[in-house]
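Fold and geometry: a report
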Amino acid sequence: MSNFTFDTDADGIALITWDMPGRSMNVIDVDTIVELSALVERVATEAAIKGAVITSAKETFCAGADLTLLDTLARTFAGLVKSQGEEAAAAKLFEESRKLSQLYRRLETCGKPWVAAINGTALGGGFELTLACHHRVAAENPKTRLGLPEIKIGLFPGAGGTQRIARLMPPADSLQLLLKGDQLKLDRAKGMKLIDAIVPAADLVKAAKDWIKAGGKAKAPWDIDGFKWPGGPVYSKAGMMTFPAANAIYRRETYDNYPAARAILQVVYEGLQLPMDQALRVESRWFAHILRSPEAAAMIRTLFVSMQELNKGARRPAEVAPAKLKKIGVIGAGFMGAGIAQVSAQAGIEVVLVDRDQDSADKGKAALHKQISDRIAKGRATTAERDALLAHITPTADYGALASCDLVIEAVFEDRKVKSEVIAKVQAVIGGNVVFASNTSTLPISSLAAEFKDPARFIGIHFFSPVDRMMLVEIILGKNTGDKALSLALDYVRAIRKTPIVVNDSRGFYTSRVVGTYIREGHLMLAEGVPAPMIENLGRMAGMPVGPLSLNDEVAVDLAWKILKATEADLGAAAIDPRQKTLLEEMVEKRGRYGRKNGKGFYDYPANAPKKLWPGLADLQPTKLDPDRIDIAEIKQRLLAIQALETARCFEEKVLTDVREADVGSILGFGFAPYSGGTLSWIDTMGAKRFVELCRKLEAKFGTRFAPCKLLVEMAERNETFYRRFAPDRRREAA
Ligand code: NAD
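So, here is what we can say about the structure in this document. (Residues numbered from 1 in each chain as written. Predicted model: local features only at pLDDT ≥ 70, side-chain atom pairs only at ≥ 80, totals over all residues. Heavy atoms only, no water.)

**Notes on the environment of Ser-284**
Defined as follows: Runs of E in the DSSP output that reach at least two residues are strands. Runs of H or I that reach at least four are helices, and both are numbered from the N terminus. Contacts are residue-level and defined by heavy atoms, with any inter-residue pair within 4.5 Å sufficient.
Checked against the element boundaries, Ser-284 lands in helix H12 (residues 276-291). Excluding its chain neighbours within four sequence positions, the residues that come into contact with Ser-284 are Phe-94, Arg-98 and Ser-101.

Pasting the structure below:
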């Protein structure tokens, strides 16, 4: 056995320790399944063995299934469809994908008691293994998280998780856990009866063995006659309070865009009406079905595989040695600067926080103090954590303090003159190896770099707001940015545990440019006479986190107006849409509606009530369409297609050079319909040919902004996909 050790003690209790060689965490792969099956048989059949305790020698218990296993399954399936037909392939996929479920059921019913000694985090298939054990003991460990996060990548727990969870907790709670994919701390998990005991780490194995010695039963509660469901049967008053409401909540939260979420409702509802073995069969059928869904394939690829590759430095120039950043400078202690200081300090990096004067610099640090204190009040942080973090941040007005930094990031006002002054001041004090980064959201990096003495060391590091919560960082290469600057920027982003994408300089870079088209489409629909509530609801129904008007309020309506005017001044009147100009001028110049920031935008923001669409919007519509005659599907298509098309243009213009970055950036940066796997996956799933047809149809009806670009037309003719034509070069990365 290469993944487990097996020791039996004098009492006949086997201790199985999971410790995969060459990996920092245990994961479930083909070998694990084979070896664990053999171990279960050994425990079941050797008379001298009274029971088994399973634990891990790693810091965590198990991170879940190795997703390459699922990837292999999906590929095998595609091959089988070709060679043996759809039905035979589906039957094979069903048999293969239920192996883990069958193994866990065999463990649960093998006749000997099994105890999970949970030393650290157990997720997905790893947590499902503990649920199949007859007793669960966890070691005290504030870092431990338990949960079933499969839903986040378009799947659901397929190794008994849905059925065991739904038999341990009332259905409303279990649905919530499964549909949210929350990762629970130990005390919460114990409160929910998902684990039986929490003990000091040193006593973990002893406590697990003691349970067996004390006569712990080798039967799960649901296998004992007279088992009662925690929330009562499905067809009971309580059940009827849950399931119809759950359907409604599911629709409200997902707009039926997530087949895996729908499957969870289905398997819990059906499974709870069946004995365990049949219930597991139902779960497996749905699991195999979901595994074949385009949504799962796209979400696994983007939100797991690609994201992990980018996090590990897929785009990092291999020739440059990795740097460990000790100290950075942040200029501008405002909203963004303070956030950048915070995430850097959290990663243990010393931060010199510079502003115009000491007071302004102190204010930035004080804002962080307040923000973390608010979290302490809610029990989400500790005083010690706050103090440790703030100790890393030194506010000052003295540029001289930047001399010993590895990287300097400016986040001062979005004003070219102010940025130029700051660049001049910084270059007067820093050495020849220091990299300078700008957090600008609109100014071209190459033009700012031209003011820096060595443009090779100048780069864009574009954070999203709020900095501490947004996981994406967009790195922008100027015309002359060098590999060393890029490497350092990527090392920095890795240190602060965010996901980087690397793009070339362009107006709005990638994310702002694309999300700008979504907002503009909302504006144009309003101008056409589509009722504002329809625009907003259809944006969400298409899969966006918020409607375009709401999004514009968040980023500020006056900012959209400023950008439009700058685009017109730089590129000419043909580069903007006059209807959008009229609308924004009316909103900003005539009505003073700047967005959430002044409490007045497309929405009103009353002090103690939820925001409401501003009724005056109707007066800004020159015509009004009859809502009953509006093509709902077409509105949804427009809102997504315009973004996907702009992404394809970014690819054609080489603003983007990697399909993974396009997709990951679109979901993490602006929430593009996550079920699609991102903007380019959306096109690939539909097929270039159909996408081009859709663009042409929309172009004929709504104008040239929907004209498909050359690249897409060519791909449609050749029947190509982005992921095939621009397959990421994984060989180079492996080297
Ligand atoms: P802000 O107004 O909150 O903060 C700017 C800070 O810069 C202020 O504290 C100000 O005192 C300081 N400052 C101004 N001139 C200075 C100087 N000469 N020397 C030192 N400090 C100076 O602005 P913000 O929202 O934090 O934006 C900062 C930058 O980040 C801008 O370039 C903006 O485009 C970019 N950005 C903002 C967002 C966002 O959502 N707010 C998102 C991404 C990028």
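Text resumes after the structure shown.
**Things to note about the nonpolar core**
For the record, the criterion: Side-chain atoms within 4.5 Å are what join buried Ala, Val, Leu, Ile, Met, Phe, Trp, Tyr and Cys residues into a set we call a nonpolar core. Buried means the residue's accessible area, taken with a 1.4 Å probe over protein chains only, is under 20% of the maximum for its type, while exposed means over 50%, and partly exposed covers the values in between.
Core analysis: the largest hydrophobic core is formed by 188 residues, its most contacted members being Trp-114, Leu-194, Leu-402, Phe-691 and Phe-722. Looking at this core, the element that brings in the most residues is helix H25 (residues 632-652), giving ten residues. Beyond its immediate chain neighbours, meaning those up to four positions away, Trp-114 contacts Ile-16, Val-40, Val-43, Ala-52, Ile-54, Leu-107, Cys-133, His-134 and His-135. Counting residues in hydrophobic clusters, the runner-up holds 40 residues, among them Leu-325, Val-330, Val-351 and Leu-486.

**Focus on the side chain of Thr-499**
The line we're drawing: Two N or O atoms form a polar contact when they lie within 3.5 Å of each other; inside protein one atom must be a possible hydrogen donor and the other a possible acceptor, and for residues adjacent in sequence the pair counts only when both atoms belong to side chains.
Relative to the elements of secondary structure, Thr-499 occurs in strand S17 (residues 499-504). Of note is the side chain of Thr-499, whose polar atom sits 2.7 Å from the side chain of Asn-311. Leave out the neighbours within four places in its chain, and Thr-499 touches Met-307, Leu-310, Asn-311, Met-471, Leu-472, Val-473, Val-493, Val-664 and Leu-668.

**Digging into a nonpolar patch on the surface**
We count it as follows: Surface patches are defined over residues having more than 30% relative accessible area and no salt bridge, joining like charges when they lie within 9 Å and nonpolar side chains (Val, Leu, Ile, Met, Phe, Trp, Tyr) when within 5 Å. Using a 1.4 Å probe, accessible areas were evaluated by the Shrake-Rupley method; residue-level cover was limited to the displayed protein chains. A side-chain nitrogen of Lys or Arg and a carboxyl oxygen of Asp or Glu constitute a salt bridge if their distance falls within 4 Å.
A surface patch of nonpolar side chains, amounting to about 210 Å² of accessible area, comprises Val-555, Leu-559 and Ile-563. Positionally, Ile-563 belongs in helix H23 (residues 557-571).

**Points about the sheet that holds strand S3 (residues 51-56)**
The condition that has to hold: Any two strands with at least two DSSP-identified bridges between them are counted as paired. To define axes, lines are fitted to C-alpha atoms, for helices over the stretch in contact only, and angles between the resulting N-to-C directions are given on a 0 to 180 degree scale.
Taking strand neighbours across the sheet as the criterion, the six strands line up as S1-S2-S3-S4-S6-S9 in an open arrangement whose pairing is mixed. The open sheet terminates on both sides in strands that have one partner only, identified here as strand S1 (4-8) and strand S9 (197-199). For this sheet, the mean inter-axis angle between neighbouring strands, taken without regard to orientation, is 20°. Pairing of S1 with strand S2 (residues 13-18), which is carried by five bridges, proceeds in the antiparallel orientation. Bridge pairing in S2 links Thr-8 to Ala-14.

**Focus: unusual backbone geometry**
At the junction of Ser-465 and Pro-466, the peptide bond is cis and its omega measures out at -5° in the coordinates. With respect to the helices, strands and loops of the structure, Pro-466 is situated in the loop between strand S15 (458-463) and strand S16 (472-477). In the Ramachandran plot, Arg-497 falls in the positive-phi region, its phi being about 60° despite a non-glycine side chain. Among the structural elements, Arg-497 can be located in the loop between helix H19 (483-495) and S17. The class of Arg-497 is exposed, set by a relative accessible area of 70%. Despite not being glycine, Lys-654 shows a phi value in the positive range, around 65°. Within the fold, Lys-654 resides in the loop between H25 and helix H26 (659-670).

**What about the sheet that holds strand S10 (residues 327-331)?**
With mixed pairing, the eight strands of this open sheet are ordered in space as S12-S11-S10-S13-S14-S15-S16-S17. This sheet does not close on itself; its edge strands, each paired only once, are strand S12 (393-396) and S17. Each adjacent strand pair in this sheet contributes to an overall mean axis angle of 25°, direction not counted. In this structure, strand S11 (residues 350-354) lies alongside S12, joined through four bridges in parallel fashion. The partner of Val-352 across the bridge, within S12, is Thr-394. Most of the contacts of helix H15 (residues 358-377) go to S12, to which it runs at about 150°, and overall it touches S11 and S12.

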